[in-house]
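Tertiary structure, described
Given next are the chains, with one letter for each unit.
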Amino acid sequence: MTATASLEQIDFVVGIKDLLIKKKAVLLAHYYQEKAIQDLADFVGDSLELSRKAATTNADIIVFAGVHFMAETAKILNPTKKVILPDLNAGCSLADACPPDAFAKFIAQHPGHVVVTYINCSAHIKAMSDYVCTSSNAVSVINAIPPEQPIIFAPDKNLGKYIMKITGRDLVLWEGSCVVHEAFSIDKLIHLAKKYPSAKVIAHPESEPHLLRMASFIGSTAKMIKYVEDSSAGEFIVATEAGILHEMRKRVPQKLLIPAPANEDNTCACSECAFMKMNTLEKLYRCLKDEQPEIQVEESLRLRALRPIERMLQHV
Ligand code: 13P
Ligand code: SF4
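Structural notes, computed from the coordinates. (Residues numbered from 1 in each chain as written. Chains lettered and ligands numbered in written order. Predicted model: local features only at pLDDT ≥ 70, side-chain atom pairs only at ≥ 80, totals over all residues. Heavy atoms only, no water.)

What follows concerns the nonpolar core. The tendency in soluble globular proteins is for nonpolar side chains to be buried side by side. Formed by 65 residues in total, the largest nonpolar core has its most connected members in Phe 64, Val 116, Phe 153 and Ile 237. The biggest single contributor to this core is helix H4 (residues 68–77), with six residues. Other than its neighbours up to four places away in sequence, Phe 153 contacts Val 116, Tyr 118, Cys 133, Ile 142, Leu 159, Gly 160, Ile 163, Leu 171, Val 172, Leu 173 and Trp 174. Ranked by size, the runner-up nonpolar core spans 39 residues in total, among them Phe 12, Ala 36, Ile 225 and Ala 242. (Core = buried A, V, L, I, M, F, W, Y, C linked by side-chain atoms within 4.5 Å. Buried < 20%, exposed > 50% of the residue type's maximum accessible area, 1.4 Å probe, protein only. Helix = DSSP H or I, 4+ residues; strand = E, 2+ residues; numbered from the N terminus. Contact = heavy atoms within 4.5 Å.)

Glancing now at the sheet that holds strand E7 (residues 151–154). Spatially, the four strands line up as an open sheet ordered E6-E5-E7-E8, and their pairing is parallel. At either margin of the open sheet sits one strand with a lone partner, and together these are strand E6 (131–133) and strand E8 (171–173). Averaged over all pairs of adjacent strands, the angle between strand axes in this sheet comes to 30 degrees, irrespective of strand direction. Here three bridges tie E7 to E8, and the two strands are oriented parallel to one another. The partner of Ile 152 across the bridge, within E8, is Val 172. (Pairing = 2+ DSSP bridges. Axes fitted to C-alpha atoms, helices over the stretch in contact; angles between N-to-C directions.)

This part takes up the sheet that holds strand E3 (residues 61–65). If you trace the four strands from one edge of the open sheet to the other, you get E2-E1-E3-E4, paired in parallel fashion. Each having just a single partner strand, strand E2 (43–45) and strand E4 (82–84) make up the two edges of the open sheet. Averaged over all neighbouring strand pairs, the angle between strand axes comes to 20 degrees, with direction disregarded. For E3 and E4, the ladder comprises three bridges, and the chain directions are parallel. From the neighbouring strand, Ile 61 faces E4, where its bridge partner is Lys 82. Seen against the sheet, H4 touches strand E1 (25–30), E3 and E4 and runs at an angle of roughly 175 degrees to E4.

The next thing to look at is the site of ligand 1. Taken together, the neighbourhood of ligand 1 is formed by 14 residues, with His 30, Ser 47, Ser 135, His 204 and Thr 221 sitting nearest. A distance of 2.9 Å is found between an oxygen atom of ligand 1 and a backbone nitrogen or oxygen belonging to Thr 221. For ligand 1, the protein covers 96% of the area, taking 300 Å² as the surface of the free molecule. Here the residues of the shell around ligand 1 sort into five nonpolar, seven polar and two charged. (Near = heavy atom within 4 Å. Polar contact = N/O pair within 3.5 Å; in protein donor to acceptor, adjacent residues only side chain to side chain. Areas by Shrake-Rupley, 256 points an atom, 1.4 Å probe, with all protein chains shown as cover. Nonpolar A, V, L, I, M, F, W, Y, C, P; charged D, E, K, R; others polar.)

With that settled, the discussion passes to the pattern of salt bridges. One pass over the full model with this rule turns up 13 salt bridges. The salt bridge involving Lys 82 is made with Glu 291; its shortest N-O contact spans 2.8 Å. Note that Lys 82 is positioned in strand E4 and Glu 291 in the loop between helix H14 (281–290) and helix H15 (299–313), a separation of 209 residues in sequence. Take Lys 82: its relative accessible area is 26%, and that puts it in the partly exposed class. One salt-bridge network, in which partners are shared between bridges, spans Lys 23, Lys 82 and Glu 291. (Salt bridge = Lys/Arg side-chain N within 4 Å of Asp/Glu carboxyl O.)

Lining the immediate environment of ligand 2, one finds Tyr 32, Val 67, Cys 92, Ser 93, Leu 94, Asn 120, Cys 178, Val 180, Glu 206, Cys 273 and Phe 275. Among the residues forming the shell around ligand 2, the class breakdown is eight nonpolar, two polar and one charged.

Let us look at unusual backbone geometry. Cis geometry is adopted by the peptide bond preceding Pro 155, which originates at Ala 154 and carries an omega value of -10 degrees. Tracing the chain through its elements places Pro 155 in the loop between E7 and helix H9 (157–167). Here Gln 292 and Pro 293 are connected by a cis peptide whose omega angle stands at 0 degrees. Structurally, Pro 293 can be placed in the loop between H14 and H15. Here Lys 24, not a glycine, exhibits a phi torsion of approximately 50 degrees, which is positive. As for its placement among the helices and strands, Lys 24 is situated in the loop between helix H1 (7–22) and E1. Residue classification places Lys 24 among the exposed positions, given a relative accessible area of 56%. The residue Glu 291 is not glycine, and still its phi comes out positive at about 55 degrees.

Remember that the coordinates give geometry; whether it matters functionally is a separate question.
Printed below as a string of structure tokens:
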């Protein structure tokens, strides 16, 4: 904890550590969580790494400091564990953009297509899919499908366009997007890039094509962190949710990391995911203490969603 942490926050930290041990619970956190939660976590990772951890943990309880689809995926992969999420309302604009009824009609309109979905969707959408992927392995999943096979890709049109560019495949795209990655201001980014001419722009593939065109590197959160670590460059403009800067600053304290600017004048002048930030230390403490809200997935739905998720885990 920092010197400015309140006594109440410190009490929650002590309480959370204590409950994690007493209840044989594991705390999994995404890089977009607030700093104090990342610091408490047993494991911090991107969506693919967190799924792998959730599938293999032998803890009794999985506390997911992330958003709903991540905790739901953990439950699908490891159904005998109790999976809890500090705030059930921690959703995702991509998952919200793809309602099951409309998606079922969309699939029916495209007979003969294989359905590949980004992990940022509900269990119902996963259950309609042939493959699930994350931003980390989307290209590998698409490349493993025979070239003549037509493919629907949902729900992120920006990730879909990026995959089309990299693989040369023609995907039928669902029109969803991430509000956080669409909030970057290209004008402000150009201005910032001029101010820091040595800085490399690095971006998450949920960003819009015009922003990705400015990027020297495009990858999942884990891959962006690795790039910053391995690169010989000393300055980076980071176009993804600002929570990632915490782990980056720990790994490369000597490098200059500048958050890409958002359109709106947010308090951080960057882009933050309001869903991810719904999880707080207090909610985390209460959720561990009460062992709820708990994620439940009906068994026949779980089994249908599991098959494409298992295929996702076969790809790095
Ligand atoms: P990754 O964890 O795959 O980088 O995805 C980022 C994201 O937006 C999670 O919601
Ligand atoms: Fe969803 Fe975007 Fe938030 Fe990730 S950052 S959880 S994709 S809204």
